[in-house]
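# Architecture at a glance
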Amino acid sequence: MAALEVRGLRKQFGGVVALNGIDLDIDTDRVVGIVGPNGSGKTTLFNVVTGVHPATGGTVLWQGQDITNIGAHRIARKRLVRTFQQAMSFPGLTVGENVRIAWEQGRRGGGRWASPGTILDFVGLAPLGRAIAGSLPFGSLRRLGLAVALGVSPELLLLDEPGAGLNDSEAQAFAAVIAQLPPQGIGVCLIDHDMDMMADLCDRLVVLDFGTKIAEGPPAEVLADPKVREVYLGPDKKAPAS
Amino acid sequence: MPVTDNSAGKTGAATGRTRASHRLALLTADNASVPLPASVQAITAILLAVLLIALPWLGLGYRFLSIAITTLYTAIGLYGLGLQFGQAGIMSVGHAALMGVGAYASAILSVQLGLGFWTSLPFAMALSAIVGGVIGLPTLRVGGQHYIIITFCFCALFVIVLTNGGTFTGSATGLDVGSVTPLPGINFDKLSNNYYLVLAALFLALAATYLIGISRYGRTLRAIRENEQLARSVGINVDLHKLGVLMVSGLFAGLAGVLQLYYLRHISPTLFGAFPSLYLALMVMLGGARYLYGPLIGAVIVNFLPEVLNLDPVDSRIAYGICLLLVILLLPGGVGAGIKNVYCALTGGSGTQTQGGGSNGRA
Ligand SMILES: Nc1ncnc2c1ncn2[C@@H]1O[C@H](COP(=O)(O)OP(=O)(O)OP(=O)(O)O)[C@@H](O)[C@H]1O
Ligand SMILES: [Mg+2]
């Protein structure tokens, strides 16, 4: 039994079917990648799993419990935590306070971090603890997003395009941090468009297209799949490097 | 892993600006989340406490002391508003009505059941809290702007109900109460004793505000103010906390209302209508809702300004309007922010790392 079991998950926005019956198993000891063209439903999958949007149909089981539509804050307290595609923070507060807020929530029932400072050290933000989050440059803001999510002491972390908007060296540094998570018992499920990075980082890839899972498996296999190549080899899309 | 940016570089860039605009930035930056040294906080608190306690002995006269009492009970109500607006980001323009709930609850308990100040106080505070929570229910569904309109409507409705409440509410004439039940050796008919009663309540309000501000609860409220969605995603029950802070704010309002009632000894609906409510909103913005002494500063300015400048009521309304515009334009964080920034500038403290980035996201 996987930690996160998604069964027949559907989400409709008016006439738009964003998720059309997704089945997915995610364990907490590895990095799972979710890829797919723009608008294929990746973010919506995270939003429905973490309770930001209610599901139209289907169920989400977390550690054997049905968490479908129980509300975002309850899901986070069960240590299933996500970050947002649009880098988010508590902009008017200091970096330290941002992380402390999450840490204080995660500490209920025993968190994994001794103090907010250990999280800042882990993501490399320690020197900026007193800076106001809203004045951070983008790269640091992404790190802060990760630090806030880590503060909740997740068992599974859903990262929505953590590398978007970062330059190459920043993205590489970020990937290095993410790779350290599963060995510490923090499972990672990652959305990103950078296929090279995804192939490196992920133990398993899931491909979505129009709200449907069209492929799943080890990265090399998935990226060689003709169906996947077809989706990505649309008229003006770059072929994924494999 | 290396940190690829440095805030030191940003501070350096600021020196390139003209001195005037730098000065302005120092004044306007929102500094509320940067703590002052504990020693500075302690000295400020002690000086303020000594000043407030000594006030009746300074021989400033009956009129001065009366205005001081008005200022202090108003400030107590403002501390509630400061909590919901400054910390949680929920503005209300009907706050006087919430004070009115407390005042009228206490007055009606006195008239109908003969309950005195001390016995009616907890009931009045609880009722204000409950009403605050009930008016807050719509905030869970609609955005902050809608809530502001709801509070305004509540305020109008409250006045209508009071004016049409017959002998129960005293209609337009209002209700009278006796004086505060004396404690052993303390007779509250004496103005200075009434002052100390209100001052004690103010100290409680200040202490509560301070403790909330530095606690996990305060941080939770600020998280909601800054980013509701992110707050939910880290496990904060946003709805519960919004209702909760409106109820806590109601407690302060109830306390302030009862103190107002027993100072004036007579209340009528106009005390709790739209104008007094707007003044409360003005005061809290003027003083700086996010700062410990902001609400008190706002109350002092608005209550003493007409006295100091010798303004008649119409002139003083114009003066308030100008003040509000100036504050919105120059000091979005309120006078409290200005004072703190000036202090930080003078001591060369690390006060302004914000570069103006912190003042967004209000309400
Ligand atoms: N809140 C919403 N309201 C209405 N439609 C939405 C909403 N969120 C997503 N959609 C629609 O659902 C579909 C899937 O969007 P989603 O954001 O999940 O795609 P995505 O795979 O994350 O794309 P991207 O790679 O661009 O981030 C799109 O057609 C989008 O327009
Ligand atoms: Mg997306």
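Keep in mind it's a predicted model, so treat the numbers as computed, not measured.

Residue-level contacts link 31 residues of chain B with 39 residues of chain A. Both sides together, the interface formed by chain B and chain A hides about 3,300 Å², and carbon and sulfur atoms give 59% of it. Linking chain B to chain A there are 2 salt bridges. For arginine 219 of chain B, the salt bridge identified is with glutamate 104 of chain A, shortest N-O distance 2.5 Å. Linking chain B with chain A are 6 residue pairs in polar contact (both at pLDDT 80 or more). When residues of the side of chain B that touches chain A are traced back to their parent elements, those giving at least two are helix H1 (7-14), helix H10 (216-226) and helix H11 (228-233) of chain B. A per-element tally of the side of chain B that touches chain A places H10 of chain B first, with 7 residues. For the side of chain B that touches chain A, the class distribution of residues is 10 nonpolar, 13 polar and 8 charged.

So, about the state of the cysteines. Residue and element names in this part refer to chain B. Counted according to the given criterion, the structure contains 0 disulfides over all chains. Cysteine cysteine 153 is unpaired, with the sulfur of cysteine 155 as its nearest cysteine sulfur at 9.6 Å. Under the relative-accessibility criterion, cysteine 153 is labelled partly exposed at 45%.

Once that is clear, we can look at the packing of helix H3 (residues 95-106) of chain A against helix H4 (residues 116-123) of chain A. Residues and elements named next belong to chain A. Look at H3 against H4: their axes get within 9 Å of each other, and the N-to-C directions meet at 115°. Between H3 and H4 the crossing geometry is right-handed. Seen from H3, the contacting residues are Val95, Gly96, Val99, Arg100 and Trp103; seen from H4, they are Pro116, Ile119 and Leu120. Taken together, the residues of the contact of H3 with H4 sort by class into 6 nonpolar, 1 polar and 1 charged.

Turning to the sheet that holds strand E7 (residues 156-160) of chain A, a few remarks are in order. Residue and element names in this part refer to chain A. A sheet is described by the order of its strands in space; here 6 strands give the open sequence E6-E7-E8-E3-E9-E10, paired in mixed fashion. Strands with a single pairing partner mark the edges of an open sheet, and in this sheet they are strand E6 (80-82) and strand E10 (212-217). When the angles between neighbouring strand axes are averaged without regard to direction, this sheet yields 20°. Where E7 and strand E8 (residues 187-191) come together, 5 bridges link them in parallel fashion. Residue pairing in the sheet places aspartate 160 in a bridge with isoleucine 191 of E8. Seen against the sheet, helix H1 (residues 42-49) touches strand E3 (31-35), E6, E7, E8 and strand E9 (204-209) and runs at an angle of roughly 145° to E7.

Here we take up the nonpolar core. Among the nonpolar cores identified, the biggest contains 84 residues, and Ile76, Tyr79, Phe117, Phe158, Tyr195, Leu202 and Leu259 of chain B are the most heavily contacted of them. Looking at this core, the element that brings in the most residues is helix H4 (residues 62-87) of chain B, giving 13 residues. Counting 63 residues, the second-largest nonpolar core is a separate cluster that includes Val81, Leu141 and Val148 of chain A together with Ala223 of chain B.

Another aspect to go through is the site of ligand 1. All names here are of chain A. Residues in close proximity to ligand 1 total 15 residues, the closest being Gly39, Lys42, Thr43, Thr44 and Gln85. Between ligand 1 and the protein, one listed contact pairs an oxygen atom with a side-chain N or O atom of asparagine 38 at 2.9 Å. The side chain of histidine 193 places a nitrogen or oxygen atom 3.0 Å from an oxygen atom of ligand 1. Across the complex, the protein chains shield 64% of the 630 Å² of accessible surface that ligand 1 would expose by itself.

Turning to the sheet that holds strand E1 (residues 4-13) of chain A, a few remarks are in order. All names here are of chain A. Within the open sheet, the 4 strands sit side by side as E2-E1-E4-E5. Their pairing is antiparallel. Bordering the open sheet on either side are strand E2 (16-26) and strand E5 (65-66), each of which pairs with just one other strand. Inspection of the sheet shows E1 paired to strand E4 (residues 57-62) by 5 bridges, in the antiparallel sense. In the strand pairing of E4, leucine 4 is matched with tryptophan 62. Against the sheet, H1 makes contact with E1, E2 and E4, and its axis sits at roughly 110° relative to E1, the strand it touches most.

Ideal geometry at a metal centre gives angles of 109.5 degrees when four donors are arranged tetrahedrally and 90 or 180 degrees when six donors are arranged octahedrally. Only Thr43 of chain A (OG1) and Gln85 of chain A (OE1) from the protein coordinate the magnesium ion (ligand 2), and they sit 1.9 to 2.1 Å from it. Note that threonine 43 of chain A is positioned in helix H1 and glutamine 85 of chain A in the loop between E6 and H3, a separation of 42 residues in sequence.

All names here are of chain B. Within the structure shown, the criterion is met by 13 aromatic pairs over all chains. Each ring, one from tyrosine 195 and one from tyrosine 196, has its centre 5.5 Å from the other, and the planes form 75°; the classification is edge-to-face. On the basis of relative accessibility, which here comes to 24%, the residue tyrosine 196 falls in the partly exposed class. Ring geometry for tyrosine 279 versus tyrosine 320: centroids 5.1 Å apart, planes at 75°, classification edge-to-face. Placement of the pair is tyrosine 279 in helix H13 (residues 274-287) and tyrosine 320 in helix H15 (residues 313-330), with a sequence separation of 41 residues. As far as burial versus exposure is concerned, tyrosine 279 and tyrosine 320 are alike and both buried. Counting every residue linked through ring pairs, the aromatic cluster contains Tyr104, Phe154, Phe158 and Phe272.

This paragraph deals with the pattern of salt bridges. All names here are of chain B. Counting across every chain of the model gives 13 salt bridges over all chains. The partner of arginine 232 in a salt bridge is glutamate 228, and the shortest N-O contact between them spans 3.7 Å. Pair noted here: arginine 232 and glutamate 228 are both in helix H11, with a separation of 4 residues, about one helical turn. Of the charged contacts in the structure, one is a salt bridge between arginine 232 and aspartate 239, with a shortest N-O distance of 3.2 Å. Three or more residues joined by partner-sharing salt bridges are found here, namely Glu228, Arg232, Asp239 and Lys242.

Position of serine 153 of chain A relative to the elements: it lies in the loop between helix H5 (138-151) and E7. Sequence-distant contacts of serine 153 of chain A, that is, excluding residues within four places in its chain, are made with Arg79, Gly106, Gly111, Arg112 and Trp113 of chain A.

Cut-offs applied
- Residues numbered from 1 in each chain as written.
- Chains lettered and ligands numbered in written order.
- Predicted model: local features only at pLDDT ≥ 70, side-chain atom pairs only at ≥ 80, totals over all residues.
- Heavy atoms only, no water.
- Contact = heavy atoms within 4.5 Å.
- Buried area = accessible area lost by both parts, 1.4 Å probe.
- Salt bridge = Lys/Arg side-chain N within 4 Å of Asp/Glu carboxyl O.
- Polar contact = N/O pair within 3.5 Å; in protein donor to acceptor, adjacent residues only side chain to side chain.
- Helix = DSSP H or I, 4+ residues; strand = E, 2+ residues; numbered from the N terminus.
- Nonpolar A, V, L, I, M, F, W, Y, C, P; charged D, E, K, R; others polar.
- Disulfide = S-S within 2.5 Å.
- Buried < 20%, exposed > 50% of the residue type's maximum accessible area, 1.4 Å probe, protein only.
- Axes fitted to C-alpha atoms, helices over the stretch in contact; angles between N-to-C directions.
- Left-handed = near helix turned anticlockwise from the far one by under 90°.
- Pairing = 2+ DSSP bridges.
- Core = buried A, V, L, I, M, F, W, Y, C linked by side-chain atoms within 4.5 Å.
- Near = heavy atom within 4 Å.
- Areas by Shrake-Rupley, 256 points an atom, 1.4 Å probe, with all protein chains shown as cover.
- Donors = N, O, S within 2.8 Å, 3.2 Å for Na, K, Ca; no water.
- Phe/Tyr/Trp six-rings, centres within 6.5 Å; stacked < 30°, edge-to-face > 60°.

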